[in-house]
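Fold and geometry: a report
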Amino acid sequence: LGEGGEELVQLKADLDETENILSEDEKFMADLDKNCETKAKEWEERKKTRADELVALSETIKILNDDDALDLFKKTLPAPSFLQLKATSGAVAKQAKQA
C-alpha cells in the first residue's frame, strides 16, 4: 500500500504540473493568435501604402516625361550655364593646389 500511495502522489504531482504547462501553453497560443492577427493587419496596411506609393511614382514619372515638363525645364535653364567648356591639366592642378 505504501508503494501505491507514493505512486499516486507522484502521479497527482505530474498531473498538476501538466495542467499548469497546458494553461501556460493556452495563454501563449492566445497571445500568438492575437499577435498574428495584428501582424496580418499591419502587413495589409503596408501593402496598400506601397501600392499607393507605386501609383504616385508612376504618375510622377509620367508627368516628368511629358513635353510640358521638358519645355518648363528648358525655360528654367535656357543655356548650359553650368557646363565647363574647357580646362587644361595645368589649370586643374593649380586649382587643386589652392584648395
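Model, not experiment: these values are computed from the prediction. (Residues numbered from 1 in each chain as written. Predicted model: local features only at pLDDT ≥ 70, side-chain atom pairs only at ≥ 80, totals over all residues. Heavy atoms only, no water.)

What follows is about the overall build of the protein chain. Looking only at helices and strands, the protein chain features three helices and zero strands. The helix and strand sequence of the protein chain, counted from the amino end, reads α-α-α. Put simply, the protein chain has 99 residues, and 0% of those count as buried. (Helix = DSSP H or I, 4+ residues; strand = E, 2+ residues; numbered from the N terminus. Buried < 20%, exposed > 50% of the residue type's maximum accessible area, 1.4 Å probe, protein only.)

Let us look at the confidence of the model for the protein chain. A low pLDDT score tells you not to read the predicted coordinates there in detail. Summary statistics for the protein chain give a mean pLDDT of 87 and a share of 89% for residues scoring 70 or more. Per-element mean pLDDT across the protein chain ranges from 80 in helix α3 (residues 89-98) up to 94 in helix α1 (residues 2-64). (pLDDT = per-residue confidence, 0-100.)

This part takes up the pattern of salt bridges. Throughout the structure, instances matching the rule amount to three salt bridges. Across the salt bridge formed by E37 and K41, the nearest N and O atoms sit 3.7 Å from each other. Residue E37 and its partner K41 are located together in helix α1, separated by four residues, close to a single helical turn. (Salt bridge = Lys/Arg side-chain N within 4 Å of Asp/Glu carboxyl O.)

Turning our attention to a negative patch on the surface. Negative charge collects at one region of the surface, where D66, D67, D68 and D71 lie side by side. Its location among the elements puts D67 in helix α2 (residues 67-76). (Patch = residues over 30% accessible without salt bridge, like charges linked within 9 Å, V, L, I, M, F, W, Y side chains within 5 Å. Areas by Shrake-Rupley, 256 points an atom, 1.4 Å probe, with all protein chains shown as cover. Lys, Arg positive; Asp, Glu negative; His and termini not counted. Charge placed at Lys NZ, Arg CZ, Asp CG, Glu CD.)

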